[in-house]
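# Fold and contact review
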Amino acid sequence: MRRFHEIEQAAIARKGSQTALSAALVTPRPRDEIAAVANDRWLSEFSKSVFQAGFSWKVIESKWPRFEEVFDGFDIGRLSMMHDEDVERLLKVDGIVAHGPKIKSIGENARFLRDLADNYGSVGAFFASWKLPDYCDNLRLVQKGGSRLGGKTGQVALRRIGMDTPIFSNDVIEALKSEGAITKMPSSNKDFASVQAALDQWHKESGRPLTQISQILAFSAG
């Protein structure tokens, strides 16, 4: 596995300059801002990422105001009580995407987030408590506890909210393969332990947040 400085130099070469690379990098939001994000916004972002997976992002974005209306502003208390009868009714509503399993996932994720809020005081308080050395364990908790949040889906939602998170895009996966960290999209305990070790090492070397490490990996492979 290369030192992160070498990976960053490859990203700079592909972006054209250090200035161009720096301009492309995202800075995560501070923990206090993450903690202050309302419960319903977490469910909204997770739901949007679920519906965008395998579908046109632009189409879902254009329909999202209607989703907000139909799903009661993504109130986790109300939506945690969704049942199969609600899914059947919502499949007939105009202006949203009639995809049963994805509609059902909104209720399932509402229940998951409601439980987090009950245990931590709020959904934001849980996510604000994440520490870098525990990133992969926390991500797996979200993937296992939530619905349809595996792969990069949950990570996309977290990034949009402002969390410090990698995204397992195709380019990032290829970069992690090239560095010998993994051989495929991480799924096993061994895979995630290897990814965590690589992230820890590159953070120690660079001081950069996980978001930027992920971006630089993608740029180095792109």
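You'll find the structure just up there.
The paragraphs below set out a description of the structure included in this document. (Residues numbered from 1 in each chain as written. Predicted model: local features only at pLDDT ≥ 70, side-chain atom pairs only at ≥ 80, totals over all residues. Heavy atoms only, no water.)

### A few points about the overall build of the chain
A count of helical and extended segments in the chain gives 14 helices and zero strands. Starting at the N terminus and ending at the C terminus, the chain contains elements arranged as α-α-α-α-α-α-α-α-α-α-α-α-α-α. Radius of gyration (C-alpha) of the chain: 18 Å, near the 17 Å computed for a compact globule of 222 residues. Dimensions of the chain along its principal axes, counting C-alpha atoms only, are 55 × 35 × 30 Å. Looking at the chain as a whole, 49% of its 222 residues qualify as buried. Within the chain, contacts between residues at least 6 apart in sequence are counted, and of these 70% link residues at least 24 apart. Carbon and sulfur atoms form 50% of the exposed surface of the chain, whose accessible area is close to 10,500 Å². (Helix = DSSP H or I, 4+ residues; strand = E, 2+ residues; numbered from the N terminus. Rg over C-alpha atoms; globule rule 2.2 N^0.38 Å. Buried < 20%, exposed > 50% of the residue type's maximum accessible area, 1.4 Å probe, protein only. Contact = heavy atoms within 4.5 Å. Areas by Shrake-Rupley, 256 points an atom, 1.4 Å probe, with all protein chains shown as cover.)

### Some thoughts on the side chain of S122
Examined against the element boundaries, S122 turns out to sit in the loop between helix 8 (100-120) and helix 9 (123-128). A polar atom in the side chain of S122 sits 3.0 Å from the backbone nitrogen of A125. If sequence neighbours within four positions are ignored, S122 has contacts with A35, N39, L116 and A117. (Polar contact = N/O pair within 3.5 Å; in protein donor to acceptor, adjacent residues only side chain to side chain.)

### Concerning the side chain of S220
Summarising the element assignment, S220 is placed in helix 14 (residues 210-221). Among the polar contacts made by the side chain of S220, one reaches the main-chain carbonyl oxygen of L217 at a distance of 2.7 Å. Ignoring any residue separated from it by four or fewer positions in sequence, one finds S220 in contact with I7, A10, A11, R14 and A175.

### Digging into the packing of helix 4 (residues 39-52) against helix 8
The N-to-C vectors of helix 4 and helix 8 enclose an angle of 145°; their axes lie 10 Å apart at closest approach. The element helix 4 and its partner helix 8 pack so that their crossing is right-handed. Side by side, helix 4 and helix 8 meet where N39, W42, L43, F46, S47, V50 and F51 of the first sit next to K102, I103, S105, I106, N109, A110, L113 and A117 of the second. Residue composition of the contact of helix 4 with helix 8, by class: ten nonpolar, four polar and one charged. (Axes fitted to C-alpha atoms, helices over the stretch in contact; angles between N-to-C directions. Left-handed = near helix turned anticlockwise from the far one by under 90°. Nonpolar A, V, L, I, M, F, W, Y, C, P; charged D, E, K, R; others polar.)

### Regarding the pattern of salt bridges
Counted under the stated rule, the structure contains 13 salt bridges. Between K48 and E61 there is a salt bridge, and its shortest N-O distance comes to 3.1 Å. Of this pair, K48 sits in helix 4 while E61 sits in helix 5 (residues 57-70); the two residues are 13 residues apart in sequence, bridging distant segments of the chain. Accessibility expressed as a relative area gives 9% for K48, which makes it buried. For E61, a relative accessible area of 41% translates into the label partly exposed. Measuring nitrogen to oxygen at the nearest pair gives 3.5 Å for the salt bridge that ties R114 to D115. (Salt bridge = Lys/Arg side-chain N within 4 Å of Asp/Glu carboxyl O.)

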